[in-house]
Amino acid sequence: IMVLTNYPAAVTIRAERASIRCVHENTAAELHRKGETDNVTIMPVDETAVVTTTGLEYGLDGEALARGSRGLSNVISAEKAVVRVESGKVLLFHSW
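As the structure is a prediction and not an experimental result, all values here were calculated from the model.

Reading the values: rules and limits
Residues numbered from 1 in each chain as written. Predicted model: local features only at pLDDT ≥ 70, side-chain atom pairs only at ≥ 80, totals over all residues. Heavy atoms only, no water. Helix = DSSP H or I, 4+ residues; strand = E, 2+ residues; numbered from the N terminus. Rg over C-alpha atoms; globule rule 2.2 N^0.38 Å. Contact = heavy atoms within 4.5 Å. Areas by Shrake-Rupley, 256 points an atom, 1.4 Å probe, with all protein chains shown as cover. Lys, Arg positive; Asp, Glu negative; His and termini not counted. Charge placed at Lys NZ, Arg CZ, Asp CG, Glu CD. Salt bridge = Lys/Arg side-chain N within 4 Å of Asp/Glu carboxyl O. Buried < 20%, exposed > 50% of the residue type's maximum accessible area, 1.4 Å probe, protein only.

Novice: Quick rundown of the overall build of the protein? Include the residues and the values.
Specialist: Helix and strand content of the protein: one helix and nine strands. Traced from its N-terminal end to its C-terminal end, the protein shows the element sequence α-β-β-β-β-β-β-β-β-β. Against the globule reference of 12 Å for 96 residues, the protein gives a C-alpha radius of gyration of 12 Å, in line with a compact fold. Projecting the C-alpha coordinates of the protein onto the three principal axes gives extents of approximately 30 × 25 × 20 Å. The contacts of the protein with a sequence gap of at least 6 include a subset with a gap of at least 24, amounting to 65%. For the protein, the exposed area adds up to about 5,500 Å²; of that, 51% sits on carbon and sulfur atoms. Computing the positive centroid from 10 side-chain charges and the negative centroid from 12, the protein places the two 5 Å apart.

Okay, structure coming up:
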């Protein structure tokens with residue numbers, strides 16, 4: 001996880017039914033639904049991050065996320081979801 005958060009480019013770690021990536025400030029990540037129920041967790045790396053999402057059951061619109069707050073256990077509700085980080089950086093966990 002330290003490599004993900006400190007590496008300046010996009011890096012994704014994939015397993016059979018899950019992925020983890022770091023999304024940096026002023027960038028977005030697309031998530032494509034792979035299963036019947038795809039779970040997504042957005043976890044700030046620092047104290048807070050400002051995030052906007054589309055295609056998730058519980059959307060965020062320029063909201064400041066703190067660790068352990070609203071970014072936990074969301075679900076992809078469309079064929080594609082987008083997580084845009086406006087400030088800070090987040091770890092994005094996707095499982096299916």
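Continuing now.
Novice: Tell me what's going on with the pattern of salt bridges, and back it up with residues and numbers.
Specialist: Evaluated as defined, the whole model comprises three salt bridges. Between glutamate 79 and arginine 33 there is a salt bridge, with the nearest N and O atoms lying 2.8 Å from each other. In this pair, glutamate 79 sits in the loop between strand E7 (74–75) and strand E8 (80–87) while arginine 33 sits in the loop between strand E3 (27–32) and strand E4 (39–44), placing the two residues 46 residues apart along the sequence. A relative accessible area of 29% places arginine 33 in the partly exposed class.

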